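Letter by letter, the chains look like this.
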Amino acid sequence: MTITVPKGFRASGVTAGLKTSGKPDLALVVNDGPSKAAAAVFTSNRVAAAPVHWSREVIKDGRVDAVILNSGGANACTGPQGFQNTHTTAEKTAEALSLSATDVIVCSTGLIGEHLPMDKLVPGIDAAAAALSDEGGSEAATAIMTTDSVSKQAVFTGQDAEGTEFAIGGIAKGAGMLAPGLATMLVVLTTDADVPAEMLDVVLRDATKVTFDRADSDGCMSTNDTVVLLASGASGAVPSAEVFGEGLTQVCAELARKLIGDAEGASHDIAIRTFNAESERDAEVVSRAVARSNLFKAAIFGKDPNWGRVLSAVGTTDAAFDPDELNVSMNGVQICQKGSIGEDRGLVDLEPREVLVEIDLQAGGAEATVWTNDLTHDYVHENSAYSS
């Protein structure tokens, strides 16, 4: 049920015929209130899709009544007609639900540079509206999948200071073109807590900064990335920003981890933890540099604990460190000590799916972890064949 676990939400996932596979490809999420507060973050890619341009305007007043999401086409780089198709999608959704189009977020995902088949999408919206259910969260999660092998869902339950319970639910899609820029992939988050839009915006940005923004599968930033958070207020709970933020971050972290775990063709999920950095920013920069090193990622695929590739990536950053003081460990074995040879690299076991790389900068007390995955033959094959 996920996003329909919080009270005040209905969702659906249907097949509109946008995918040649015939799988579900259209999802709808509706906030029945009483509150319609919302916040969202979007890709920072300057080549942004039509739905992103539309939705940026919708969220400005902090209110969203519904989110309509399609897979089977990104509607990116499609010119004025693409924006008109987004507008039509919002208008049709509004008509089906008797609300305003300016309160409808539109999200699309799929191949860039092709128009959506509106003759299929428009009637699909009616079908999605008719299928709405307070148990439809899982169907919505399935309908937004593209190259995903599994749907991604998460739920958190908590209490406010008065003991009133509230819930947060989330769904996400993404298995490739995963790199941060304020948000990652398509994500819908719901809560029945009574939280104003201003607070939602702050906690959402704080949560995405340390979760989705640190899930970096392949260094490729999407044109369509959207994370939207809806609050119905239906539980009556009024949690503090700290309590709500902790729950939201937990949901986002679980979803981000599932996105990396389903990365296209990956055989290893890699956590790159940089610690003892002068600042959190330095720690993140170092971890991300390693995460984006194709040489490093290929080595992990080959089960080769090649720490030299880690150090060479660290050295490209402007982080504060002394090269002769760097330590690197892989799965608990310190194979690099003080910028030189450490323990026998043959002691490192890279057979498990999860790999932990720890980089000690010995420059301060801050740390940050970025999740990535290895670079495999299957990743190249899948992305070379995607458009066909």
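Residues numbered from 1 in each chain as written. Predicted model: local features only at pLDDT ≥ 70, side-chain atom pairs only at ≥ 80, totals over all residues. Heavy atoms only, no water.

J.: Can you walk me through helix 6 (residues 241-261) in this structure?
T.: For the α-helix, the turn length of 3.6 residues means that residues three or four positions removed from each other point alike. With 21 residues, helix 6 ought to run about 30 Å at 1.5 Å a step, and its terminal C-alpha atoms sit 29 Å apart, in line with that. Every buried residue belonging to helix 6 is among F244, G245, G247, L248, V251, C252, L255, A256, L259 and I260, and all of these are buried. (Helix = DSSP H or I, 4+ residues; strand = E, 2+ residues; numbered from the N terminus. Expected span 1.5 Å × (residues − 1). Buried < 20%, exposed > 50% of the residue type's maximum accessible area, 1.4 Å probe, protein only.)

J.: I would appreciate a short explanation of the pairing of strand 8 (residues 186-191) in the present structure.
T.: Working note: regular strand, side chains alternate between the two faces of the sheet. Among the 6 residues in strand 8, 6 count as buried, and that is most of the element. What you see with strand 8 is no split at all: L186, V188 and T190 on one side and V187, L189 and T191 on the other are buried throughout. As paired strands, strand 7 (residues 165-173) and strand 8 are joined by 6 bridges and run antiparallel to one another. In the sheet register, I171 faces strand 8, and the bridge partner there is V188. (Pairing = 2+ DSSP bridges.)

J.: Honestly, unusual backbone geometry in this entry has me stumped. Any pointers?
T.: What is expected of a backbone is that most residues other than glycine have negative phi and most peptide bonds are trans. A cis amide bond, omega 20°, links G33 with the succeeding residue P34. Here P34 lies in the loop between strand 2 (26-31) and strand 3 (37-42). Unlike most non-glycine residues, N276 shows phi in positive territory, near 55°. By the secondary structure assignment, N276 is in strand 10 (residues 269-277). Overall, N276 belongs to the partly exposed group, its relative accessible area being 27%. The phi torsion at K338 lies on the positive side, around 50°, for a residue other than glycine.

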